[in-house]
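Observations on the model geometry
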Amino acid sequence: MLELDFTPTAENVHLIDMCGPGYAIPSSEGNAAIRMMAENEGLFLDPVYTGKAFAGLVKMAREGQFKPTDNVLYLYSGGAGGLFAIDIELD
C-alpha cells in the first residue's frame, strides 16, 4: 500500500526506547510532544503510546537523523481512549 522502494528488514528498521518511566506512566518528553502537536496541528495524542512515539520522532529529528529531502511518515493510529484515562500536567 505504501509503494515502498525497499523491503523493511531488521537491518533498516530502527527502534528507540521512549517508554519513559514505564507503561501507562506519562513521560516529560511525551508530554512535551503532546503539547507540541496540539498547539501546532490541533491533534491530541494519548500519553501512553502516541505521545511517546511522537516524542521519539521529535528526538530523531533534533538529532539530525533526517535529511531535508527525506520523506518521514508518522502513523497516528488513534489512542483516543487514552486521552482522558490518565491525568497529566502539560506545563
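Just so you know, these numbers come straight off a predicted model, no measurement behind them.

How each quantity is defined
Residues numbered from 1 in each chain as written. Predicted model: local features only at pLDDT ≥ 70, side-chain atom pairs only at ≥ 80, totals over all residues. Heavy atoms only, no water. Helix = DSSP H or I, 4+ residues; strand = E, 2+ residues; numbered from the N terminus. Buried < 20%, exposed > 50% of the residue type's maximum accessible area, 1.4 Å probe, protein only. Areas by Shrake-Rupley, 256 points an atom, 1.4 Å probe, with all protein chains shown as cover. Axes fitted to C-alpha atoms, helices over the stretch in contact; angles between N-to-C directions. Parallel < 35°, antiparallel > 145°, perpendicular 65-115°, else oblique. Contact = heavy atoms within 4.5 Å. Nonpolar A, V, L, I, M, F, W, Y, C, P; charged D, E, K, R; others polar. 1 Å grid on protein atoms, 1.4 Å probe; cavity = no way out; pocket = protein on both sides within 12 Å on 5 of 7 lines; lining within 4 Å. Points joined across faces, edges and corners; volume = space filled by probe spheres on them. Core = buried A, V, L, I, M, F, W, Y, C linked by side-chain atoms within 4.5 Å. Expected span 1.5 Å × (residues − 1).

Moving on: the overall build of the chain. Helix and strand content of the chain: 2 helices and 0 strands. Sorting the 91 residues of the chain into buried and exposed places 24% on the buried side. Surface exposure of the chain reaches about 6900 Å², of which carbon and sulfur atoms provide 57%.

At a closest axis distance of 8 Å, the pairing of helix H1 (residues 28-41) and helix H2 (residues 50-62) adopts a crossing angle of 85°. Viewed along their axes, H1 and H2 adopt a mutual orientation that is roughly perpendicular. For the pair H1 and H2, contact is made by Glu29, Gly30, Ala33, Ile34, Met36 and Met37 and by Gly51, Lys52, Phe54, Ala55, Val58 and Arg62, respectively. When its residues are assigned to classes, the contact of H1 with H2 shows 7 nonpolar, 2 polar and 3 charged.

Moving on, we come to the layout of surface pockets. Looking at the largest pocket, its volume works out to about 910 Å³. In terms of lining, the largest pocket is formed by 20 residues, of which the most central are Val13, His14, Met60, Val72 and Leu73. Residues of the lining of the largest pocket, tallied by class, amount to 15 nonpolar, 5 polar and no charged.

Attention now goes to the nonpolar core. In terms of nonpolar packing, the biggest core is built from 9 residues, these being Met18, Ala33, Ile34, Met37, Leu45, Phe54, Ala55, Leu57 and Val58. Among the elements of the structure, H1 and H2 are those that each provide at least two residues to this core. Discounting residues that sit within four places of it in the chain, Ala33 has contacts with Leu45, Gly51, Phe54 and Ala55.

Attention shifts here to H2. Its 13 residues give H2 an end-to-end C-alpha distance of 18 Å, which sits within 8% of 18 Å, the value for a rise of 1.5 Å per residue. Among the residues of H2, those classed as buried are Thr50, Gly51, Lys52, Phe54, Ala55, Gly56, Leu57, Val58 and Met60. At its buried positions, H2 is contacted by H1. Following H2 by one or two positions, Gly64 adopts a phi angle in the positive range, close to 80°.

Right, let's get into the environment of Gly20. Topologically, Gly20 is positioned in the segment before H1. Given the relative accessible area of 51%, Gly20 is considered exposed. C-alpha separation for the pair Gly20 and Lys52, spaced 32 residues apart in sequence, amounts to 7.9 Å.

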